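Results of the structural survey
One letter stands for each residue in the lines below.
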Amino acid sequence: MKKHFVTALAASVISLAASATEVPVKTHKSEHEKVEATEKADIDPSDLTAVNSFTSVSSDDNGKVNAMLGVAGQYSKGNNFLGLIEHGVETRAEGQGQQDSRLRYFQVLETGAQAISQIGFSIDYMKGWSKDNGSKGKSPSSDIVALGVIGKVATPWDCVSLFPNVAYVTGEVKQEIDNKSGIQADLRGYQANLFGSIDLGSAGYLVLQPQFMSLDVEAKADLSNVPKTLNVFKMKTGYGIAFTQSKQWWAEISHTYVRTSASAQLSNGTERLTDNDNKFELAISYYF
């Protein structure tokens, strides 16, 4: 098998892993501001599980268009949840037909403790695939699940909201090379994330979201050129602000840096694949 299939296989997993934890974390408000906003029936996103539902559309400079629907609420006082449904499509000519869908769920409970005021769990399912564009071989398809623990930690500043998240990752990736052969591999590993936001008051908010993911790749056949390990580091920074008086419409512009590395055993030795990528994205959200 040719080396470009190794690169394509790694790129498929990296594409999903790199976007595995993008969450619309907005501003953090003090208890006084939360009460005041409630009295005014004002919609203003708070933290990861704010009781606000929303819809969002985004586009980046790589030609990907993404749509998201978020539903948030409370099962009871202090028992909050956030569910996200997402679908992305590549619009560039060389990537046309590539799509990915995600389902995410977060649930946290109030602990009554000062150091960790909320704790809960997260479920993240990602699926990527591509239509056959007539070229030899098809783009890889992926199924990835991440199961994790999430908590809200105290900071010395009321304007800062931090949610660390650690998750176990499992899944598989496939690629059909021709009608008789293909690549199929299992994925196992972990990811560590930090969802953070800084409240700037009437000036909006800042988003800071670092992530690291490490995956072991186990081929289901004796394929020496399939990557054995994949490591992904991602750093997202963004700025958002409401652009209507009702604070139902929000705009966010962000930059995401992704560094990926993979290693594969080839006939002539070990090949190491490294890539650095930068993405700029604009998102428009409406809160119900």
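You'll find the structure just up there.
For the structure given in this document, a descriptive report is provided here.

What counts as what
- Residues numbered from 1 in each chain as written.
- Predicted model: local features only at pLDDT ≥ 70, side-chain atom pairs only at ≥ 80, totals over all residues.
- Heavy atoms only, no water.
- Phe/Tyr/Trp six-rings, centres within 6.5 Å; stacked < 30°, edge-to-face > 60°.
- Helix = DSSP H or I, 4+ residues; strand = E, 2+ residues; numbered from the N terminus.
- Buried < 20%, exposed > 50% of the residue type's maximum accessible area, 1.4 Å probe, protein only.
- Contact = heavy atoms within 4.5 Å.
- Salt bridge = Lys/Arg side-chain N within 4 Å of Asp/Glu carboxyl O.

**A short note on the packing of aromatic side chains**
A full pass over the atoms with the stated rule returns 10 aromatic pairs. Seen from their ring centres, Phe-106 and Phe-195 are 6.2 Å apart, and the 90° between their planes marks the pair as edge-to-face. With Phe-106 in strand 4 (residues 98-110) and Phe-195 in strand 8 (residues 182-199), this residue pair connects regions lying 89 residues apart in the sequence. Of the two residues examined, Phe-106 and Phe-195, each falls in the buried class. Between Tyr-205 and Trp-250 the ring centres are 5.7 Å apart and the planes differ by 45°, which places this aromatic pair in the tilted class. Here Tyr-205, found in strand 9 (residues 205-219), pairs with Trp-250, found in strand 11 (residues 249-266); they are 45 residues apart in sequence, far enough to count as distant. In this structure, Tyr-205 and Trp-250 share a single accessibility class: buried. Aromatic ring contacts, followed pair by pair, group Tyr-75, Phe-81, Tyr-105 and Phe-121 into a single cluster.

**Details of the environment of Gln-118**
Within the secondary structure, Gln-118 is located in strand 5 (residues 116-130). Exposure remark for Gln-118: the relative accessible area of 4% places this residue in the buried category. In the structure, Gln-118 is positioned 32 residues away from Ile-150 in sequence and 8.4 Å away in space, judged by C-alpha atoms.

**Remarks on the environment of Leu-103**
Mapped onto the secondary structure, Leu-103 falls in strand 4. On the basis of relative accessible area, Leu-103 is assigned to the partly exposed category, the value being 47%. Along the sequence, Leu-103 and Asp-124 sit 21 residues apart, while their C-alpha atoms lie 5.9 Å from each other. Contacts of Leu-103, omitting those with residues within four sequence positions, involve Leu-84, Ile-85, Ile-123, Asp-124 and Tyr-125.

**Section: the pattern of salt bridges**
Evaluated as defined, the whole model comprises six salt bridges. Across the pair Arg-102 and Asp-124 runs a salt bridge, and its minimum N-O distance is 2.6 Å. Taken together, the residues span a long stretch of sequence, with Arg-102 in strand 4 and Asp-124 in strand 5 at a distance of 22 residues. As far as the burial class goes, Arg-102 and Asp-124 line up, both buried. Through salt bridges that share partners, Glu-86, Arg-102, Arg-104 and Asp-124 make up one connected network.

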